[in-house]
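# Summary of structural features
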Amino acid sequence: GSGSAMLAAGDLYSVAITQSGQLTAREIRVQSEGAGDVVISGTLDATSETAGTRGGAVLVTGARVGVLAGAKIDASGPAGGGEILVGGDFQGANPEVRNSRVTLVARDATLRADATTQGGGGRVIVWADETTVFNGTLTATGAGAQGAGGFAEISGQGRLAFSGVVSLTGGG
């Protein structure tokens, strides 16, 4: 896919966004302002099939973020993994990215930012200012002889409950 897809809810009613279908684009943003929550139960597909390109970018943020069982967020690409930000950026320190208070990634939810042909793994951040619960599967793996493993941060500034699986292996 090309272009960008965005789901957004304004402050007016602080509505929750529930994404259950499939969104496919190079850049996907699912974000709620104000007190709105974001629940992902479908597929966010920012993968690339084009040789020589990296995966795209996915941003999911709201007051509380849930990535439910069966949900898939994929930013893989032939020449490298892309970027997935769930609930914030690295250490919650990027002022351009809103931090969630609570972030849940359920068992059987999958976050992938893999190189599929030749290249390095991508960058995946799962953050919350208060509590992060991560029971899912995260991969940011490299492929090919030079393919380095990717980068992942899973943190809760207040509390982290982790019983998931993370793979950041290199290729070769």
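Anything mentioned here points back to the structure above.
Remember, it's a predicted structure, so these values are computed and weren't measured experimentally. (Residues numbered from 1 in each chain as written. Predicted model: local features only at pLDDT ≥ 70, side-chain atom pairs only at ≥ 80, totals over all residues. Heavy atoms only, no water.)

## Regarding the overall build of the protein
Going by this rule: The way it works is that DSSP assigns letters per residue, a run of H or I at least four long becomes a helix, a run of E at least two long becomes a strand, and they are numbered from the N terminus. We take the radius of gyration over the C-alpha atoms and set the globule estimate at 2.2 Å times the residue count to the 0.38 power. Should any heavy atoms of two residues lie within 4.5 Å, those residues are counted as being in contact. The method behind every accessible area is Shrake-Rupley, applied with a 1.4 Å probe, and residues are considered shielded solely by the protein chains displayed. Neither His nor the chain ends contribute to the count of charged residues, in which Lys and Arg are positive and Asp and Glu negative. Where a charge lies is defined by one atom per residue type: Lys uses NZ, Arg uses CZ, Asp uses CG and Glu uses CD.
Secondary structure assignment for the protein yields zero helices and 18 strands. Against the 2.2 N^0.38 benchmark of 16 Å for 172 residues, the protein shows a C-alpha radius of gyration of 15 Å, consistent with a compact globule. Its C-alpha atoms give the protein principal-axis dimensions of roughly 50 × 35 × 30 Å. Excluding contacts between residues fewer than 6 apart, the proportion of contacts in the protein whose partners are at least 24 apart in sequence is 68%. Summed over its atoms, the accessible surface of the protein is roughly 7,400 Å², and 50% of this surface lies on carbon and sulfur atoms. Distance between charge centroids for the protein: 4 Å, based on 11 positive and 15 negative side chains.

## A look at the packing of aromatic side chains
We count it as follows: Pairing of aromatic rings covers Phe, Tyr and the six-membered ring of Trp, with a centre-to-centre limit of 6.5 Å; geometry is then stacked below 30 degrees between planes, edge-to-face above 60, and tilted otherwise. Throughout, exposure labels follow a simple rule: accessible area from a 1.4 Å probe, protein chains only, divided by the maximum for the residue type, with under 20% read as buried, over 50% as exposed, and the rest as partly exposed.
Considering all chains together, one arrives at two aromatic pairs under this definition. With a centroid separation of 5.6 Å and an interplanar angle of 5°, the aromatic rings of Phe134 and Phe162 are classed as stacked. On the criterion of sequence distance, the pair formed by Phe134 in strand β14 (residues 131–134) and Phe162 in strand β17 (residues 159–162) is long-range, its members being 28 residues apart. We classify Phe134 as buried; its relative accessible area is 0%. For Phe162, a relative accessible area of 43% gives the class partly exposed.

## Looking at the sheet that holds strand β2 (residues 17–19)
The strands that make up a sheet are held in pairs by hydrogen bonds between backbone atoms, and each pair lies either parallel or antiparallel. Worth spelling out the cut-off: By this definition, two strands are paired if DSSP reports at least two bridges between them. Here the axes come from fitting lines to C-alpha atoms, over the contacting stretch only for helices, and the angles between their N-to-C directions go from 0 to 180 degrees.
On the basis of which strands lie adjacent, the open sheet formed by six strands has the order β2-β5-β8-β11-β14-β17 and parallel pairing. Of all strands in the sheet, those bounded by a partner on one side alone are β2 and β17. Taking the axes of each pair of neighbouring strands and ignoring which way they run, one obtains an average angle of 5° across the sheet. One ladder, built from three bridges, connects β2 with strand β5 (residues 38–40); its direction is parallel.

## A look at the nonpolar core
Just so we agree on the cut-off: By nonpolar core we mean a set of buried residues, namely Ala, Val, Leu, Ile, Met, Phe, Trp, Tyr and Cys, connected to one another through side-chain atoms within 4.5 Å.
Residues Leu44, Val67, Ile73, Ile84 and Leu111 are the most contacted members of the largest nonpolar core, which totals 28 residues. With near-sequence residues (within four places) excluded, Leu44 lies in contact with Gln19, Leu23, Ile28, Val30, Val58, Val60, Lys72, Ile73 and Asp74. In terms of nonpolar packing, the next biggest core, distinct from the first, is built from five residues, Leu85, Val97, Ile125 and Trp127 among them.

## Re unusual backbone geometry
Even without glycine at this site, Gln91 takes up a positive phi of about 55°. Along the chain, Gln91 falls in the loop between β10 (83–86) and β11 (102–105). Taking the relative accessible area as the measure of exposure, Gln91 reaches 48% and is therefore partly exposed. You will see that Asp108, though not glycine, has its phi angle at about 70°, which is positive. When you line up the elements, Asp108 lands in the loop between β11 and β12 (110–112).

## Some details on the sheet that holds strand β9 (residues 72–74)
Read from one edge of the open sheet, six strands run β3-β6-β9-β12-β15-β18, paired in parallel fashion. One side of each edge strand has no neighbouring strand; the edge strands of this open sheet are β3 (22–24) and β18 (165–167). With strand direction ignored, the average angle separating the axes of adjacent strands in the sheet is 5°.

## Considering the side chain of Glu153
What counts, and what does not: The term salt bridge refers to a side-chain nitrogen of Lys or Arg lying within 4 Å of a carboxyl oxygen of Asp or Glu. In protein, a polar contact requires one atom able to donate a hydrogen and another able to accept it; more generally it is a pair of N or O atoms within 3.5 Å, and residues adjacent in sequence count only if both atoms are side-chain atoms.
Note on placement: Glu153 falls in strand β16 (residues 151–156). Put simply, Glu153 is tucked away with no salt bridge, and the nearest opposite charge, on Arg123, sits 6.8 Å away. A polar atom in the side chain of Glu153 sits 2.8 Å from the side chain of Ser155. With residues up to four places along the chain from it excluded, the contact list for Glu153 reads Asp89, Phe90, Gln91, Val124, Ile125, Val126 and Trp127.

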